Amino acid sequence: MSRIPLIAGNWKMYKLSGEATDLVKALIPAANSVDYCEVAVCPPFTALSVISNLVKGTKISLGAQNCYPEKEGAFTGEISPAMLKDIGCKYTIVGHSERRKYFAETDAFINQKLFKLYEYNLLPILCVGETLEEREAGKMKEVVGSQIKKGLANVPEEKMQTTVIAYEPVWAIGTGKNATPEQAQEMHLFIRALLGEIYNATLAESIRIQYGGSVKPSNVKELMSQKDIDGALVGGASLKSDQFIPIIKFRD
Ligand code: 13P
């Protein structure tokens, strides 16, 4: 089992081009200095071009936060996987809880995005996670299991191999209240076992499952020490170099 952890910053709707440039310039030396994880940043669409040029030849990978599942067409305001590939993206986040909640994205629509990303050799980061009400009702495995099954419907094994899963409990996003390492590990193990059922144990062992939700310098080490946690999808703490650098260097 050799899963290289992926530490990715999801900048959400933050950072003008100049601010994004300053942040990435500060992150490059840190990312280049670690060999035990891969680092990615997912800026807003408007900063992808400038950041793509900056990270060339560095150890920072580029990701987008969303896409529309068509190559091109009359879809005003949307961005296609072909465009993301063209600009230098390696990853694309899909199914983030904010998109599910504010933009009514369904598992079926998210599934379409995965297939279109695969066509352009982009690696999807598929986000799943339960709300507080669902957790309190003891339904977290039911909810996350359904998101995984529907999100990955008909995804063949060779495409699954290129997919990253991010477990992001909605109650932990932007709240400062992270899942405990034990709570996260339990869900990651559940997801991996489910991937084993859908595919096979060998494939399940090779898939990276990130944790997201209030990851900070103070909790990253403990979260990352869990057997089935293979990286972090970081929101707020990825917006400041003095917080994201210690997260990147979680093992130093
Ligand atoms: P926070 O790290 O701000 O809780 O956000 C997590 C997240 O949504 C990453 O995709």
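In short, a report on the structure. Everything numeric in this text was worked out from a predicted model, so none of it was measured.

Re helix H7 (residues 140–151)
Taking 1.5 Å per residue, 12 residues should reach 16 Å; H7 reaches 16 Å between its end C-alpha atoms and fits that length. Among the residues of H7, Met140, Val143, Val144, Gly145, Gln147, Ile148 and Gly151 are the ones counted as buried. Taken together, the buried residues of H7 touch helix H4 (97–102), helix H5 (107–119), strand E5 (123–128), helix H6 (132–136), strand E6 (164–167) and helix H9 (181–198).

What to know about the packing of aromatic side chains
Inspection of every chain in the model, using the stated rule, returns five aromatic pairs. For the pair Tyr167 and Tyr211, a centre-to-centre distance of 6.4 Å together with 55° between the ring planes defines the contact as tilted. Taken together, the positions of Tyr167 in strand E6 and Tyr211 in strand E7 (residues 209–212) put the pair 44 residues apart, joining distant regions of the chain. For Tyr167, a relative accessible area of 0% puts it in the buried group. Cluster of aromatic residues (ring-pair linked, three or more members): Tyr68, Phe75 and Phe109. Here Arg99 stacks its cationic end above the ring of Phe103, 4.1 Å away from the centre of that ring.

Remarks on the pattern of salt bridges
With the rule as written, the count across this model stands at 14 salt bridges. The closest approach of N and O atoms between Arg3 and Glu205, which form a salt bridge, is 3.4 Å. With Arg3 in the segment before strand E1 (6–10) and Glu205 in helix H10 (residues 201–206), the pair connects residues that are 202 residues apart, well separated along the chain. Put simply, Glu186 and Lys141 hold a salt bridge, and the shortest N to O gap is 2.9 Å. Note that Glu186 is positioned in helix H9 and Lys141 in helix H7, a separation of 45 residues in sequence. Given the relative accessible area of 38%, Glu186 is considered partly exposed. One network of salt bridges, in which partners are shared, links Arg3, Arg192, Glu205, Lys227, Asp228 and Asp230.

Basis of the calculations
- Residues numbered from 1 in each chain as written.
- Predicted model: local features only at pLDDT ≥ 70, side-chain atom pairs only at ≥ 80, totals over all residues.
- Heavy atoms only, no water.
- Helix = DSSP H or I, 4+ residues; strand = E, 2+ residues; numbered from the N terminus.
- Expected span 1.5 Å × (residues − 1).
- Buried < 20%, exposed > 50% of the residue type's maximum accessible area, 1.4 Å probe, protein only.
- Contact = heavy atoms within 4.5 Å.
- Phe/Tyr/Trp six-rings, centres within 6.5 Å; stacked < 30°, edge-to-face > 60°.
- Lys NZ or Arg CZ within 6 Å of the ring centre and 35° of its normal.
- Salt bridge = Lys/Arg side-chain N within 4 Å of Asp/Glu carboxyl O.

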